[in-house]
Structure formats: C-alpha cells, structure tokens
Amino acid sequence: MTSDTALLPGSTDWFGVTPAKRRGITVRAGTVDAAAALGAIVPGFRRVMVTRCLFSLYDIVDVLLPIIGAADVAVSTWTLSRLHMERIRRLLDEGRFRSFVLVLDRSFPTRQPGYAQELREVLGNGLDVRLTKTHAKFVTLGAGDWRIVIRSSGNYNQSPRLENVDIDDDGEIYAFFRGIV
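Let me begin by describing the structure that accompanies this report.

**Considerations on the pattern of salt bridges**
Stage number 1. The full count for this structure, using the stated rule, is 9 salt bridges.
Stage number 2. For Arg98, the salt bridge is made with Asp72, and the minimal N-O distance between the two is 2.9 Å. Of the two residues, Arg98 is situated in strand E4 (residues 97–105) and Asp72 in strand E3 (residues 71–77); the sequence distance between them amounts to 26 residues.
Stage number 3. The closest approach of N and O atoms between Asp93 and Arg89, which form a salt bridge, is 3.1 Å. Residue Asp93 and its partner Arg89 are located together in helix H3 (residues 82–93), separated by 4 residues, close to a single helical turn.

The structure is reproduced here in structure tokens:
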C-alpha cells in the first residue's frame, strides 16, 4: 500500500491483505493469563487463540508493551469502560504509548453519554478520537521494528465470554489496519 488514498471504497486495498504464508501458527486455549497464552514474543510471531474468559484485549497490550517498548497505538472498539479509559490514561502518562488514536462507533456518545463524558474527563479533550460506523475491534502497536496487529471479537474491556484473538507482527497487516484508522 503506498498511501492512505489507496483505501477508498471500491479499491482492492480496502478489503484486506494476504499476509505471507507462515508455519507454526500457535493456538493456545484455556491458559491462565495473557502472558502464558502469548508464549515467546519474537519478530514475525503469530498467535491465534481463544481467551476462555480469562483475559482481555487490554491484558495482551499490557504483556506486549514491556517487550516491544513505547509504541504508537491505535485502538478500534465498539465500547470501553471507565476502568479501561483510566488504563489508557496511565499508559499515556507513563510514556508507554508514544501516540494514541481511539476509533469508536459513532453511536457511542448518544448510546453511552455517561461514558462519553468520562472519556473526555479521563483522557482529555485533546485525545485523537475518531467516530465512525464500526464494530471492528483491533489494536495496532508500532515500536522500533515491531508492527503488531491484534484482532479480537472482544472490545477493549473485560469480557466474561469466550473471545477469539489473532495477533501478527507483520508490516503489511499493520499498514492495512493503520490505513483503516
């Protein structure tokens, strides 16, 4: 992909990328925590897993950041709670997020007016929040040579449900999702 303009509806780039074929896709289900489920984090890693209600999308981010370092982060989610807004604020204040973009469904301010107010209080009015019609849940983490994309059925909050999570350190997948952002 050469530019964001390649992501116009109707272009083939809008619909996805075909990542390089890899061997050793790891499936981990039923582990106790995100760190155990992720296993070794090495350049080019891929994980395909289900959480079995034991950890959430933000737990995965918390495991990856100390390994990859301060990152440019984008989170796309349908909703999030005050607790998770506070976690984002903490990561920003600690410098673990170099930059941060939040993509939310455009219904969030009217569907959750209390949370929308809390979002402004906790994260500040200067936060880069983008509203659109979305149900996509993904996180991009860019740091050094790392280009990680986490795709999940779960929102960026605690989910007491079975959720699927796919994680790739792949520049092409990362560029595709950052282009969506």
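**What about helix H2 (residues 57–68)?**
Stage number 1. Over its 12 residues, H2 extends 16 Å from the first C-alpha to the last, a length consistent with the 16 Å expected when each residue adds 1.5 Å.
Stage number 2. Taken across its 12 residues, H2 has 9 buried, putting it largely inside the fold.
Stage number 3. Within the span of H2, buried status applies to Leu57, Tyr58, Asp59, Ile60, Val61, Asp62, Leu64, Leu65 and Ile68.
Stage number 4. Taken from the residues just after H2, Gly69 is the one with a positive phi, measuring 95°.

**A short note on the packing of aromatic side chains**
Stage number 1. Counted by the stated rule, this structure contains 4 aromatic pairs.
Stage number 2. Summarising the aromatic geometry, the rings of Phe97 and Phe100 are spaced 5.4 Å apart at their centres and angled 5° between planes, so their arrangement reads as stacked. Accessibility classification places Phe97 together with Phe100 in one group, the buried group.
Stage number 3. Among the aromatic residues, those joined into a cluster by ring pairs are Phe138, Phe176 and Phe177.
Stage number 4. The ring of Trp78 has Arg111 sitting right over it, with the charged end atom 3.5 Å from the ring centre.
Stage number 5. Above the ring of Tyr174, the side-chain terminus of Arg147 is found at 5.5 Å from the ring centroid.

Criteria and cut-off values
Residues numbered from 1 in each chain as written. Predicted model: local features only at pLDDT ≥ 70, side-chain atom pairs only at ≥ 80, totals over all residues. Heavy atoms only, no water. Salt bridge = Lys/Arg side-chain N within 4 Å of Asp/Glu carboxyl O. Helix = DSSP H or I, 4+ residues; strand = E, 2+ residues; numbered from the N terminus. Expected span 1.5 Å × (residues − 1). Buried < 20%, exposed > 50% of the residue type's maximum accessible area, 1.4 Å probe, protein only. Phe/Tyr/Trp six-rings, centres within 6.5 Å; stacked < 30°, edge-to-face > 60°. Lys NZ or Arg CZ within 6 Å of the ring centre and 35° of its normal.

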